[in-house]
Amino acid sequence: MHATLSSGQLPWMVMQALLMHRYLCWCILFGHLYVSVLCFSLEQSDSLFQKPRLVLGDESVSGTSILVKKSTSLPVNGSLSCEDLGGVGSFNTTCLLNSNLYLSYDLYIYGTGNLEILPHVSIKCLTEGCMVTFNMSGNVNVGQHVAIIAGSVVIHGANLTVGNNSAINTTALAGPPPPQTSGTPVGIDGAGGGHGGRGASCLKNSKTSFWGGDVYTWSTLSKPWSYGSKGGSKGNSTSDGHLFGGKGGGRVKLLVEDMLYLNGSVTAEGGDGGLKGGGGSGGSIYIRAVKLKGYGTISAAGGMGWGGGGGGRVSLDCYSIQEDVKVHVHGGFSFGCPGNSGAAGTYFNADLLSLRVSNNNVTTETETPLLDFPTSPLWSNVFVENNAKVLVPLLWTRVQVRGQISLYRGGTIVFGLSAYPVSEFELVAEELLMSDSIIKVFGAFRVAVKMLLMWNSQIQIDGGGNTVVTESILEVRNLVVLRENSVISSNANLGVYGQGLLQLTGKGDAIKGQRLSLSLFYNITVGQGSLLQAPMDDDASRSVVTNSLCESQTCPIDLITPPDDCHVNYTLSFSLQICRVEDLLVNGIIKGSIIHIHRSRTVTIDADGLLTASELGCSKGMGKGNYLDGASSGAGHGGRGGAGYFNGRISNGGHEYGNADLPCELGSGTEGPSQSFGHVVGGGMIVIGSKQWPLLSLSIYGSLRADGQSFGKATIDGNGSLNGGLGGGSGGTVLLFLQKLMLAENSSLSTVGGNGGPLGGGGGGGGGRVHFHWSKIGIGDEYVPVATISGFINRSGGAGNNGGLFGGKGTVTGKRCPKGLYGTFCRECPIGTYKDIDGSDEDLCTPCPLDRLPNRANFIYVRGGVGQSFCPYKCISDKYRMPNCYTPLEELIYTFGGPWPFALLLSGILVLLAVLLSTLRIKLVESSPYVANIEHRSYHHLPYLLSLSEVRGTRAEETQSHVYRMYFMGPNTFREPWHLPYSPPDTIIEIVYEDAFNRFIDEINSVAAYDWWEGSVHSILSVLAYPCAWSWKQWRRRKKVHRLQEYVKSEYDHSCLRSCRSRALYKGMKVGATPDLMVAYIDFFLGGDEKRVDMVSIIQKRFPMCIIFGGDGGYMSPYNLHSDTLLTNLLGQHIPPTVWNRFVAGLNAQLRTVRHGSIRSALIPVMDWIASHGNPQLEFHGVKIELGWFQATASGYYQLGILVVVRDYTFHNLHQPDLSDRSNGGHPRKDAALVGKSLKQLQQSLPYPTHALSRKKITGGINGGLINDATVKSLEFKRDFLFPFSLLLHNTRPIGRQDSLQLLITTMLLADFSVTLLTLLQFYWISIGVFLVVLLILPLSLLSPFPAGLNALFSKEPRRASLARIYSLWNATSLSNIVVAFICGIIHYGFSSLHPPDKENTWNTRREDDKWWLLPTILLLFKTIQARFVDWHIANLEIPDFSLFCPDPDAFWAHESTS
């Protein structure tokens, strides 16, 4: 409403006020004359107008205007009717007032009905103190633009409505104020009147001790009913007829039973005093209603004048108040002192019991005194805002409310009087909220709130330097937050207590005091740029705190063992105490001479944080520096001060003092010869924790300092000559009682001495003292490192200048460490050392003895260090077993006395078990009658295995009717199964239909083919377990042979045969195979219904006959000539069976050593044997045998066999010229010679074998050729991926001694199994992964030889040799596992050897294990020996007749009779 005026606007406003005053007087005068004339004219013309109307100037009111005087004939007071006032209706029903009323005395209207004042009606009583009362039981409606003007206005009704632009106005119409009040100022300085707030005085606008009219009626604050006071006169103004300034405001009372709807204004403002008088003070407004709504205005503001009037008093007793209603109680503007308007009045919410003092942002220096506060009931809130200034002037006052005390937007509360700062004040509330405001306290201040929030605000406590005044206490139970340059300061003792959080948020926030105690908070946060400080910055404040300690050599007991309470006590040693605070976070600055933090849990100093007592110690002290004619030495403390030097004069440095093991002294300083010379101050003291209540954790990311002061200037005397400078102050003390310290990187803890003067040769100050008193040092397993040091601890002395010496280093000590720990920070003794006495010296850690350290062990870290001479150790790997660091295998070996005793014991056990197994084998196997029978049969009938054709039996007539044996081509593998060639051979061309035969070939070849899954299974087994793959192949071959036999015997209709009898009886063809299932064939027979001539011709084509060897030249299937009964009978027609059997046995003995991989060289001994042993005897019977190859396939596979030629067939039968001589038919030996000659010619005519085989019909159209010394070099052969195993597995000649050999095999089998288990144990010890790799690559191969060997040894004929070969195959396959074992061992131990040894463990540099290869090597050796033994064993089983290898042909044939 009011605003501060500029100097240019002030004269214009003064002139405007005077003109308005004169214009108002003229209007009132003309108004009275006009009303008198109007009343007279109405009386004369009453008969002419039924409803007289009169327009008054700019007023437009229906009805008449009535002038009421005391001499009128109208009824007075309660007897007035609605019509008497020019209205319509009745006060007991509804009265409509439509006439203006001009009163000269009080008006009282009473009724039980409704009252409605129509728009534009005015009810005015301009007499001071005039009272207008409307006491209605019904509703009261004040229309728009209605004016009710009087000194006092009282309206009572059920509901009250004040329309737009309507006014209930008592401004400047006050009656006399209450007696014995000083609201009207005394004097002629033009001061404003007072009421709710003091009037302003412009006598001294910068002092609050001068004011105009004073306040009154504080006791009726909730129901004000007092007039405002007049303003004072300015100078001698009686010549103008104005003795006083502006008049006081009147009174308004609105009593509404339900709703008050206010859209107009209710005012009781003080009158304006102009330039020659002070403004009047505001009056009183009291409103009682259930609901207050609208957007109107309620104002009891002070009037303007030379000195502005104080605000009045407003009280609203409403359950609900709409916020749009505006309430003003501000002071009036002061023309004489624009910055010091009248003080604000009071606005009291009687329903909420809330007091609001608001000056509407009008600047003032005048207070609004708040006197006693009620205690029952307590007020809820107190608000001081908008530049209001409140004064609590009493000697002792308790300000207590139930809710908030809030200061906003320039609000100020002043407690006490500045001239008498001895008062004590209490402020009790739920919350103290301050924003851009100030609380000033002159005396002691005690605050008890739950929450203190400050925003750009200050609490200033002035104790006046009087020790009589007790300390100030701010007890905030929950939350203290300072933001935006908020400051709490006291030049006396100050304590801030709480139970919650204390937070100084940022830059400019501070709490300062002469002595400062912060206690009972669970957390204190000092934000970046914030400050906690005690004492203040001046030397006098510092001296008050430090003087008692500077000359005392006694350690203050309260710093070591502080009292249980945390109260502020000036007898205690600290200057800044933080007590009973759970966590302290410092990101700003904590600064004090003697900082004591105790009974706390953690203290954290962030990177920007600083906890400092630097340059706040003693100016003298026990180690003060000396000054001697310009030469000043540094002060001493933990280190001696550096000597000073100036113009040849030397001043000795200050001496050391204090106890390094428990320091509690301030740093010393140096004083010059005079006060003007200045002085240097030593470092202060920081004590964190106590003996009884140590700090749990101190984390320093920033700085903690107690440094001495450096002297920064040299002095010059009056002559301009240099007087020298002062030495540096000594560092202070940092005493830490704590459990754990963390000094982060780039952080620092320092007690550095100050530097000497730069030009005067000042000596450097000595370093201070740092002591770490560890409260709990764990021992053994309970040890936890007490310190983590990554930053800097600086205790150095200050630097000297120009000849001045450096100060001595200070001390850094720690509590004596228990056994196993050493150093200031009680670290663990290095690994390999022990310490069995208490102390902190590093030399106490003694090296551990090495005589009890195993080879594969290193000394280990022991938590808490080693406190005895026996140092614990650990094996270099967890795989080794304590205490000797052996592997599990070594544990087993050394359990039996060591390697050699264990080897001997194991060997003995193995031999004993082998003997037992051999005995058991003899009893179970060799004593069996079946075995003896089989052996006898095998001995006389070689080969020892029966063919499938023999199983089915061969009758004698079949021999006579046999025509031709047609062999299947191919190796009978899954990739290349058996198959027969198309086109019938010449031998059987006469007994078959060629087309039907070709169809038969298609069908038989499809039957002989394998399914895809059979080959897939074989491929998988070949990778995983080759012996299983071989068994699978043999099983499928046997199934295939049975299938072929079944097909030819039962399913095929033999339609290709010409013989009707053969087709009918299904006997023209039979399928057979060798025992090793490598060669299959189909025998063709005559049906018996052929012509005799045809039969003779067909039978004559039997020879030359090709007999193909079984086997493939491999280990599992060696080459052999299988002579079944049919062949024996066929050849028996030319050769005695005994001769033929002996020949077959000898030839098989030679063929079993032929390996396909070396076939070129291996066949030469066979050809030599045939030439030396076979043919000479056979030729005697007219038979010639030649070695040949037959039935080559497109893949390059061919079969070996023999070509049998008898004397009945000469060369013309072989498509060669006839060279035989029939005349020699009676002489077999000669015939044999002739056949031999013809065969030689035949052999020369046959081509050499190549990949592209030529088709040469030797007999019946079989592809092939003879093998001799010339052609053997051209034989093709292929080596498979298992060829290297042929070096280990190959068929040999028998050696005899079967029982001894079987005993050796049994022994080696047991040894192999034992070493295998030991090897697996060794690799399991390496790792479970390596163990599985060795065991499963290949799967089953490593452990299967043992059961396979037992099965072979304990098996019975006729499968012993076959099972022995399987055993040998498993043995060879297990070599892959051994190779994997070597690879894993090389990888594991190779990589482990590349790792450098641990630098800390240099006692034992032996490798983890350098004998890992021993067991795999032994196992490899055992398997190699086993393979050779098994080969001999198989040879003994398959060839029991050693005479088959006789080099002498005669000796060989000498055993013919036994065959």
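Residues numbered from 1 in each chain as written. Predicted model: local features only at pLDDT ≥ 70, side-chain atom pairs only at ≥ 80, totals over all residues. Heavy atoms only, no water.

Novice: Run through the overall build of the chain, naming residues and quoting values.
Specialist: From N to C terminus, the chain includes 24 helices and 77 strands. Residues counted as buried form 54% of the 1459 residues belonging to the chain. Sequence-distant contacts, at least 24 apart, represent 66% of the contacts inside the chain between residues at least 6 apart. Just so you have it, the chain exposes about 62,100 Å², and 56% of that area is on carbon and sulfur atoms. (Helix = DSSP H or I, 4+ residues; strand = E, 2+ residues; numbered from the N terminus. Buried < 20%, exposed > 50% of the residue type's maximum accessible area, 1.4 Å probe, protein only. Contact = heavy atoms within 4.5 Å. Areas by Shrake-Rupley, 256 points an atom, 1.4 Å probe, with all protein chains shown as cover.)

Novice: Report on the sheet that holds strand E72 (residues 1069–1073), specifying residues and quantitative values.
Specialist: The strand order E71-E73-E72 describes an open sheet built from three strands, whose pairing is antiparallel. Either end of the sheet is taken by a strand with one partner, and the two such strands are strand E71 (962–967) and E72. Here the strands of the sheet are splayed against their neighbours by 25° on average, with no regard to which way each runs. Both E71 and strand E73 (residues 1080–1085) contribute to a ladder of five bridges, which runs antiparallel. The residue bridging His962 from the neighbouring strand is Phe1085, located in E73. (Pairing = 2+ DSSP bridges. Axes fitted to C-alpha atoms, helices over the stretch in contact; angles between N-to-C directions.)

Novice: I'd like to hear about the sheet that holds strand E74 (residues 1105–1108), residue by residue, with values.
Specialist: Taking strand neighbours across the sheet as the criterion, the four strands line up as E74-E76-E75-E77 in an open arrangement whose pairing is antiparallel. Pairing within the sheet leaves two strands with one partner each, and these edge strands are E74 and strand E77 (1264–1266). Adjacent strand axes in the sheet meet at a mean angle of 35°, parallel and antiparallel pairs treated alike. By the bridge criterion, three bridges tie strand E75 (residues 1183–1190) to E77 in an arrangement that is antiparallel. Paired with Phe1190 across the bridge in E77 is Gly1264.

Novice: Explain the packing of aromatic side chains to me, using residue names and the numbers behind them.
Specialist: Under the criterion given, the structure shown has 33 aromatic pairs. With a centroid separation of 6.0 Å and an interplanar angle of 55°, the aromatic rings of Trp218 and Trp379 are classed as tilted. Taken as a pair, Trp218 in the loop between strand E13 (167–169) and strand E14 (251–256) and Trp379 in the loop between strand E23 (368–369) and strand E24 (381–385) lie far apart in primary sequence, 161 residues in all. Here Trp218 matches Trp379 in class, with each residue buried. A connected cluster of aromatic rings, assembled from ring pairs, spans Phe997, Phe1000, Tyr1047, Tyr1052 and Phe1084. In this structure, Lys253 packs its charged tip against the face of Trp225, placed 4.4 Å from the ring centre. (Phe/Tyr/Trp six-rings, centres within 6.5 Å; stacked < 30°, edge-to-face > 60°. Lys NZ or Arg CZ within 6 Å of the ring centre and 35° of its normal.)

Novice: Got a sec to walk through the state of the cysteines? Specific residues and values, please.
Specialist: As enumerated under the stated definition, the model contains ten disulfides in all. Disulfide pairing places Cys82 opposite Cys95 at an S-S distance of 2.0 Å. Given an S-S torsion of about 80°, the disulfide between Cys82 and Cys95 has right-handed geometry. Of this pair, Cys82 sits in the loop between strand E1 (65–68) and strand E2 (88–89) while Cys95 sits in strand E3 (residues 94–97), and the two are 13 residues apart along the sequence. (Disulfide = S-S within 2.5 Å.)

Novice: Now, about the confidence of the model for the chain: what can you tell me, with residues and values included?
Specialist: Looking at the chain, pLDDT values average 83 and 84% of them are 70 or higher. Taken together, the stretch residues 70–78 has pLDDT below 50 and engages in eleven contacts with residues farther than four places along the chain or on a different chain. Under a pLDDT of 50 for its full length, residues 1209–1260 has, in the predicted model, 98 contacts with residues more than four places off or in other chains. (pLDDT = per-residue confidence, 0-100.)

Novice: Quick one: what's the story with the environment of Arg852, residue by residue and with numbers?
Specialist: In this fold, Arg852 is placed in the loop between strand E68 (846–847) and strand E69 (857–859). A sequence separation of 18 residues divides Arg852 from Phe870, and the C-alpha atoms of the two residues are 8.5 Å apart.

Novice: Hey, could you go over the packing of helix H18 (residues 1298–1326) against helix H19 (residues 1328–1336) for me, with residue numbers and the actual values?
Specialist: Relative orientation of the contacting elements H18 and H19 amounts to 145°, with a least axis distance of 5 Å. Of the two elements, H18 crosses H19, and the hand of that crossing is right-handed. Only Ile1328, Val1330, Phe1331, Val1334 and Leu1335 of H19 make contact with H18, whose side of the interface consists of Leu1320, Phe1323, Tyr1324 and Ile1326. For the contact of H18 with H19, the residue count by class is nine nonpolar, no polar and no charged. (Left-handed = near helix turned anticlockwise from the far one by under 90°. Nonpolar A, V, L, I, M, F, W, Y, C, P; charged D, E, K, R; others polar.)

Novice: Any details on the packing of H18 against helix H20 (residues 1345–1353)? Residues and values, ideally.
Specialist: Packing of H18 against H20 leaves a shortest axis separation of 10 Å and a crossing angle of 160°. As far as their axial angle goes, H20 and H18 are roughly antiparallel. Considering how the two elements wind past one another, H18 and H20 form a crossing that is left-handed. Across the interface between the two elements, Ile1305, Thr1306, Leu1309, Leu1310 and Phe1313 from H18 touch Pro1345, Phe1346, Gly1349, Leu1350 and Leu1353 from H20. Taken together, the residues of the contact of H18 with H20 sort by class into eight nonpolar, two polar and no charged. (Parallel < 35°, antiparallel > 145°, perpendicular 65-115°, else oblique.)

Novice: Provide a residue-level description of the environment of Lys1423, including the pertinent values.
Specialist: Inspection of the secondary structure assignment puts Lys1423 in helix H23 (residues 1414–1438). On a C-alpha basis, the gap between Lys1423 and Ala1311 in space is 9.7 Å, while along the polypeptide they are 112 residues apart. What Lys1423 contacts, discounting residues up to four positions off in sequence, is Asp1312, Pro1345, Asn1371, Ser1374, Leu1375 and Ile1378. In this structure the side chain of Lys1423 is engaged in a polar contact, spanning 2.9 Å, whose partner is the side chain of Ser1374. (Polar contact = N/O pair within 3.5 Å; in protein donor to acceptor, adjacent residues only side chain to side chain.)

Novice: Residue-level account of the pairing of strand E30 (residues 431–435), with values.
Specialist: Note that strand E27 (residues 404–408) and E30 share five bridges and pair parallel. Bridge pairing links Ser406 to Leu433 in E30. By the bridge criterion, five bridges tie E30 to strand E31 (residues 438–455) in an arrangement that is parallel. Note that in E31 the partner of Glu431 across the bridge is Met451.

Novice: Tell me about unusual backbone geometry, and name the residues and values.
Specialist: Among all residues save glycine, negative phi is the norm, and among peptide bonds the norm is trans. A cis amide bond links Ser376 with the next residue in sequence, Pro377, at an omega value of -5°. Relative to the elements of secondary structure, Pro377 occurs in the loop between E23 and E24. Here the residue pair Ile1337 and Leu1338 is connected by a cis peptide bond, since its omega of 0° sits within 30 degrees of zero. Relative to the assigned elements, Leu1338 resides in the loop between H19 and H20. One non-glycine residue, Arg409, lies in positive phi territory at about 50°. Positionally, Arg409 belongs in the loop between E27 and strand E28 (412–415). On the accessibility criterion, Arg409 (43% relative accessible area) is partly exposed.

Novice: Explain the pattern of salt bridges to me, using residue names and the numbers behind them.
Specialist: Inspection of the entire model under this criterion finds 26 salt bridges. For Glu426, the salt bridge is made with Arg398, and the minimal N-O distance between the two is 2.5 Å. Pair noted here: Glu426 is in strand E29 (residues 423–428) and Arg398 is in strand E26 (residues 396–400), with a separation of 28 residues, a long-range link. In this structure, the salt-bridge partner of Glu1186 is Lys1184, at a minimum N-O distance of 3.9 Å. In terms of burial, Glu1186 and Lys1184 fall into one category: buried. Through salt bridges with shared partners, one network takes in Arg198, Asp214 and Glu367. (Salt bridge = Lys/Arg side-chain N within 4 Å of Asp/Glu carboxyl O.)

Novice: I'd like a description of a nonpolar patch on the surface, backed by residues and values.
Specialist: A cluster of nonpolar side chains, Leu892, Phe896, Leu905, Ile909, Leu912, Leu913 and Leu916, forms an exposed patch at the surface whose accessible area comes to about 610 Å². In this fold, Leu912 is placed in helix H5 (residues 899–926). Leu912 gets classed as exposed once you look at its relative accessible area, which sits at 54%. (Patch = residues over 30% accessible without salt bridge, like charges linked within 9 Å, V, L, I, M, F, W, Y side chains within 5 Å.)

Novice: Give me the environment of Ile893: which residues, what numbers.
Specialist: Relative to the elements of secondary structure, Ile893 occurs in helix H4 (residues 888–895). The sequence separation of Ile893 and Ala903 amounts to ten residues, and the corresponding C-alpha distance is 8.4 Å. Apart from the residues within four sequence positions on either side, Ile893 is in contact with Gly898, Pro899 and Phe902.

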